Structures are given as structure tokens and as C-alpha cells.
Amino acid sequence: DQQVKQNSPSLSVQEGRISILNCDYTNSMFDYFLWYKKYPAEGPTFLISISSIKDKNEDGRFTVFLNKSAKHLSLHIVPSQPGDSAVYFCAATGNQFYFGTGTSLTVIP
Amino acid sequence: NAGVMQNPRHLVRRRGQEARLRCSPMKGHSHVYWYRQLPEEGLKFMVYLQKENIIDESGMPKERFSAEFPKEGPSILRIQQVVRGDSAAYFCASSHTGQGASLEGYTFGSGTRLTVV
């Protein structure tokens, strides 16, 4: 029973272009949504979050958009850099954290 | 200020042996969570502990798996009589506030990669 879904296992983007990572969820009661970034052989690191009462949160090159009616959130990275190449997990919180299966982003120099 | 420390980084066990994974939370964090990542899958919640208490173990397999977070020392995830299907990356995370609603997220360790041969 996957409450948070990332349907694209991988994404390739040219350096300098925009990366858009998508995430869908099923539970309308989730309070917060988060994105984590994970490099190989390392643990996930917190990237950016958004409260369910907002529809956008921006931090530098990273922006998270939340569409509650569609139960969809997305992470925009612009401009994309080679160092952004990693696996990105979205997560949603209610009484616990639920993680998606991850999207592997490759930024091509 | 060290982050979440997990050891060992890699652990190889033969089928039937026991595996012990250790996690020391960030300084000042009293909430510990264990997650498992199977190949080609996301992070799956296993258990949430506070000092000396298991708060939520809804993600723990019913048999062979146990976890503790004693008053002194690290949290331990113990897997008895390991099988090949237990091979995975096990991540520990900690937080200052309790499980669930938080904009801060958890701080994760680098994980223990368990291989059962």
C-alpha cells in the first residue's frame, strides 16, 4: 500500500536546464511534504519542505509546488547542475513519514 | 556536532546468524527511527523509539526483528537467524521532536548495508 508514489524512476536533464521531479500521494490528511536527496552510499539528506496550507516554497534553486486538489507535488531545480545528480525521495507526514520510491536524476554536463 | 552515526557501514552474515546494527542519534535528539531500503524500492518505515520505549513498531516484521533504545548507549536493530531476503540497506534517523508532522524532517545516518550470504 504505497501512499506516496514517484512514478518516474529516472530523469536525465542537461546542465542549466530545469529538472522537474514529480510525486503523487493518496492521503488528503498529510500535514507536511518533504524532499530528500540521496547520494550513493550515503543517507538521505533533507532538502526542502512545504506545509499543506501552502502551495509553493522556494529555497534558492529549489522550489516545491503543492497541488492539493490533485494530490500532487513537484520539485523544480533550476538551473540544474551536475552536482544535483542523485536520487530524490519525496515524503509525506501524518502520524509517520511515508517515502516514495525515489527518482534518480542525472544532470548531463 | 556529529550527525547520526551508524555502524558498521557494511555487514556480511551467513544465513542463520544474527545481525546487530547500531545507531547513535544526533546530540540532543531523543527520537530514533529505523528504515529499510530493499533493492529497487523506497525507504520503508520499520520502528520508532524513544529512550527505553518502542513507540511505533508497525513496520517491523513480526518475527526475528527487534529494536531497542536503552537509557545509555546507541539504538540497536537486531535481526535473528538472517535470511537472504534481509539483505538491504538499513537507515537510522533521529529527530528533536516526535514522529510525524514536521517541516524539519529527520536527520539520517549513512546506513548499514547488510548482505546475507
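Please refer to the structure placed before this passage.
Here's what I pulled together on the structure shown here.

Criteria and cut-off values
Residues take numbers from 1 onward in each chain, read along the sequence in its written order. Written order determines the labels here, with chains lettered from A and ligands numbered from 1. Since the coordinates come from a predicted model, pLDDT governs what is reported: local features require at least 70, and pairs of side-chain atoms require 80 or more to be given and counted, while whole-chain, interface and lining totals use all residues. Excluded from the side-chain calculations are hydrogens and water; all other atoms, namely the structure's heavy atoms, are used. Where helices and strands are cited, they refer to DSSP runs of H or I of at least four residues and of E of at least two residues respectively, numbered from the N terminus. For the radius of gyration, the atom set is restricted to C-alpha positions; the globular benchmark scales as 2.2 Å times the number of residues to the power 0.38. Contacts are assigned to residue pairs with any non-hydrogen atoms lying within 4.5 Å of each other. In this count, Lys and Arg are taken as positive residues and Asp and Glu as negative ones, while His and the chain termini are left out. Lysine's charge is taken at NZ, arginine's at CZ, aspartate's at CG and glutamate's at CD. Here a polar contact is recorded for every N or O atom pair within 3.5 Å, except that within protein the pair must consist of a potential hydrogen donor and a potential acceptor, and residues adjacent in sequence are included only if both atoms are side-chain atoms. Between Lys or Arg on one side and Asp or Glu on the other, a salt bridge is scored when a side-chain nitrogen of the former is within 4 Å of a carboxyl oxygen of the latter. For each residue, the accessible area found with a 1.4 Å probe, counting protein chains only, is set against the maximum for its type, and the residue is called buried under 20%, exposed over 50%, and partly exposed in between. Defined in terms of a 1.4 Å probe, buried area is the accessible area two parts forfeit on being brought together, summed over both. In this count, Pro and Cys sit with the nonpolar residues alongside Ala, Val, Leu, Ile, Met, Phe, Trp and Tyr, while Asp, Glu, Lys and Arg are called charged and the others, Gly among them, polar. Here the rule is simple: two strands pair whenever DSSP picks up at least two bridges between them. Geometry is summarised by axes, namely lines fitted to C-alpha atoms with helices restricted to the contacting stretch, and by angles between N-to-C directions that run from 0 to 180 degrees.

## Some details on the overall build of chain A
Consideration 1: Looking only at helices and strands, one finds zero helices and 11 strands in chain A.
Consideration 2: Along its sequence from the N terminus, chain A presents helices and strands in the succession β-β-β-β-β-β-β-β-β-β-β.
Consideration 3: For a compact globule of 109 residues, the expected C-alpha radius of gyration is about 13 Å, and chain A comes in at 13 Å, within 12% of that figure.
Consideration 4: By its C-alpha atoms, chain A is 40 × 25 × 20 Å across when sized along the principal axes.
Consideration 5: The contacts of chain A with a sequence gap of at least 6 include a subset with a gap of at least 24, amounting to 54%.
Consideration 6: Distance between charge centres in chain A, computed from 9 positive and 9 negative side chains, equals 3 Å.

## Some thoughts on the side chain of Ser87(B)
Residues and elements named next belong to chain B.
Consideration 1: Its place among the elements puts serine 87 in the loop between strand S8 (75-79) and strand S9 (88-95).
Consideration 2: A distance of 2.9 Å separates a polar atom in the side chain of serine 87 from the backbone nitrogen of valine 116.
Consideration 3: Each residue touching serine 87, except ones within four places of it in the same chain, is listed here: Leu38, Pro39, Leu114, Thr115 and Val116.

## A few points about the pattern of salt bridges
All names here are of chain B.
Consideration 1: In total, this model carries four salt bridges over all chains according to the counting rule given.
Consideration 2: In this structure, the salt-bridge partner of glutamate 18 is arginine 20, at a minimum N-O distance of 2.8 Å.
Consideration 3: In this structure glutamate 18 comes out as partly exposed when scored by relative accessible area, which is 28%.
Consideration 4: On the basis of relative accessible area, arginine 20 is assigned to the partly exposed category, the value being 36%.

## Some points on the interface of chain B and chain A
Consideration 1: Between chain B and chain A, the contact holds 23 residues from the first and 23 residues from the second.
Consideration 2: Both sides of the chain B and chain A interface together cover about 1,700 Å² of buried area, and 58% of this is carbon and sulfur.
Consideration 3: Counting the contacts that link chain B with chain A gives zero salt bridges.
Consideration 4: Linking chain B to chain A there are two residue pairs in polar contact (both at pLDDT 80 or more).
Consideration 5: No other element matches the three residues that strand S5 (residues 43-50) of chain B contributes to the side of chain B that touches chain A.
Consideration 6: Tallied by class, the residues present in the side of chain B that touches chain A amount to eight nonpolar, nine polar and six charged.

## With respect to the sheet that holds S8(B)
Residues and elements named next belong to chain B.
Consideration 1: Ordered by their spatial adjacency, four strands build an open sheet running S1-S3-S8-S7, and the pairing between neighbours is antiparallel. Where the open sheet ends on each side, the last strands, each with one partner, are strand S1 (5-7) and strand S7 (65-68). Ignoring strand direction, the axes of neighbouring strands in this sheet form an average angle of 15 degrees.
Consideration 2: With three bridges connecting them, S1 and strand S3 (residues 19-24) associate as antiparallel partners. Note that in S3 the partner of glutamine 6 across the bridge is cysteine 23.

## Examining the sheet that holds strand S3 (residues 19-25) of chain A
Residue and element names in this part refer to chain A.
Consideration 1: Pairing within the open sheet is antiparallel, and its five strands lie in the order S1-S3-S8-S7-S6. Whereas interior strands pair on both sides, the edge strands pair on one side only; in this sheet they are strand S1 (4-5) and strand S6 (56-59).
Consideration 2: As judged from the six bridges shared by strand S7 (residues 62-67) and strand S8 (residues 72-77), these two strands associate in the antiparallel manner. Among the inter-strand pairings, valine 64 is bridged to a residue of S8, identified as leucine 75.

## A short note on unusual backbone geometry
Consideration 1: In this structure, Pro79(A) follows Val78(A) across a cis peptide bond, with omega equal to -10 degrees.
Consideration 2: With respect to the helices and strands, Pro79(A) occurs in the loop between S8 and strand S9 (86-93).
Consideration 3: The peptide bond linking Asn7(B) to Pro8(B) adopts the cis configuration, its omega dihedral lying at -5 degrees.
Consideration 4: Look at Glu52(B): it is not a glycine, yet its phi comes out positive at around 70 degrees.
Consideration 5: Take Glu52(B): it is sitting in the loop between S5 and strand S6 (53-56).
Consideration 6: For Gln81(B), which is not glycine, the phi dihedral falls at a positive 45 degrees.

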